[in-house]
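# Coordinates in review
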Amino acid sequence: MADAKMPYSLNSKAVAEATRSWLHKRGVTILEIAELVMLLQQRYYPNLTMDECVHNVEMVLSKREVQNAVLTGIQLDVLAEERKLFPQLQDMIEHDEGLYGVDEILAFSIVNVYGSIGFTNYGYVDKLKPGVLERLNNKNTGEIHTFLDDIVGAVAAAASSRIAHRKQAEREQELGLPHAPEDVEEAAKKRTIAGEEPE
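Residues numbered from 1 in each chain as written. Predicted model: local features only at pLDDT ≥ 70, side-chain atom pairs only at ≥ 80, totals over all residues. Heavy atoms only, no water.

### Quick look at the pattern of salt bridges
A complete count under the given rule lists 11 salt bridges for this structure. Of the charged contacts in the structure, one is a salt bridge between Glu32 and Arg135, with a shortest N-O distance of 2.7 Å. With Glu32 in helix H2 (residues 30-41) and Arg135 in helix H8 (residues 132-136), the pair connects residues that are 103 residues apart, well separated along the chain. Lys129 is the partner of Asp149 in a salt bridge, and the nearest nitrogen-oxygen pair spans 3.8 Å. Of this pair, Asp149 sits in helix H9 (residues 148-174) while Lys129 sits in the loop between helix H7 (117-128) and H8, placing them 20 residues apart in sequence. Residue Lys129 is classed as partly exposed on the basis of its relative accessible area, which comes to 23%. Ionic contacts of the salt-bridge type, sharing partners, join the residues Glu52, Lys167 and Glu170 into one network. (Salt bridge = Lys/Arg side-chain N within 4 Å of Asp/Glu carboxyl O. Helix = DSSP H or I, 4+ residues; strand = E, 2+ residues; numbered from the N terminus. Buried < 20%, exposed > 50% of the residue type's maximum accessible area, 1.4 Å probe, protein only.)

### Topic: H7
With 12 residues, H7 should reach 16 Å at 1.5 Å per residue; the first-to-last C-alpha distance of 18 Å fits that figure. Of the residues making up H7, those classed as buried are Gly118, Asn121, Tyr122 and Val125. One side of H7 holds all its buried residues, which, seen down the axis, span an arc of 100°. Opposite the buried face of H7, by more than 90 degrees, sit the exposed residues Thr120 and Lys127. Buried residues in H7 make contact with H2, helix H6 (102-111), H8 and H9. Following H7 by one or two positions, Lys129 has its phi on the positive side, about 50°. (Expected span 1.5 Å × (residues − 1). Arc of directions from axis to C-beta. Contact = heavy atoms within 4.5 Å.)

### Description of the nonpolar core
Counting residues in hydrophobic clusters, the biggest one holds 47 residues, and the most contacted among them are Val57, Val152 and Val155. Elements with a contribution of two residues or more to this core: H2, helix H3 (50-61), helix H4 (64-81), H6, H7, H8 and H9. Element by element, the count of residues in this core is highest for H9, at 11 residues. With residues up to four places along the chain from it excluded, the contact list for Val57 reads Ile30, Ile33, Ala34, Val37, Val155 and Ala159. (Core = buried A, V, L, I, M, F, W, Y, C linked by side-chain atoms within 4.5 Å.)

### Details of the packing of aromatic side chains
Inspection of the entire model under this criterion finds three aromatic pairs. Judged by centre distance (6.2 Å) and plane angle (80°), the rings of Tyr100 and Phe147 are edge-to-face. Within this pair, whereas Tyr100 is found in the loop between helix H5 (87-94) and H6, its partner Phe147 is found in the loop between H8 and H9, the two being separated by 47 residues in sequence. Given the relative accessible area of 11%, Tyr100 is considered buried. Relative to Phe119, the ring of Phe108 lies with its centre 5.2 Å away and its plane at 55°, an arrangement referred to as tilted. With Phe108 in helix H6 and Phe119 in helix H7, the pair connects residues that are 11 residues apart, well separated along the chain. Judged by its relative accessible area of 33%, Phe119 is partly exposed. A network of ring pairs unites the aromatic residues Phe108, Phe119 and Tyr122 as a single cluster. Its end group placed over the ring of Trp22, Lys25 keeps NZ or CZ at 4.3 Å from the ring centre. (Phe/Tyr/Trp six-rings, centres within 6.5 Å; stacked < 30°, edge-to-face > 60°. Lys NZ or Arg CZ within 6 Å of the ring centre and 35° of its normal.)

Printed below as a string of structure tokens:
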């Protein structure tokens, strides 16, 4: 008698670790994403530090929906490099076809995590392609980053949005105004310890 198949259960820790690992394998560092965040937010918050940018990138990457998008996009890029996609899809992803917008749709699922303000940030870095995005868009390396460049830009945009929301909450607190911040860091930490997803 065959052993009964174990019911599926999500291993959140493994997914989070795989997300970091695959970003690293594809040559993207947290610091490089944080540099995009600094570019997006420094003119609004001149005292913003790189540590704050790194922290907010880390918080975005802790979101399960973001991890799902990162792993899905990287997997498609890797399969395209290995030429394992359907021929028609292979050609579009390999050449980063302008009319193929699924890479942007996947990025939008990340941008959406912290509200509509992220769309403006994403559009800006996607058009400008500064820093790490310029490298990922280099078509002469033999690597395919059709999905990853949009994903990295989206993570930076979401982290920028997260900063904007929190800076607004801080301003309201300083002015003594009634406010309802989206989350409090300590509360987020407690939820993480309890096994809930941080915001």
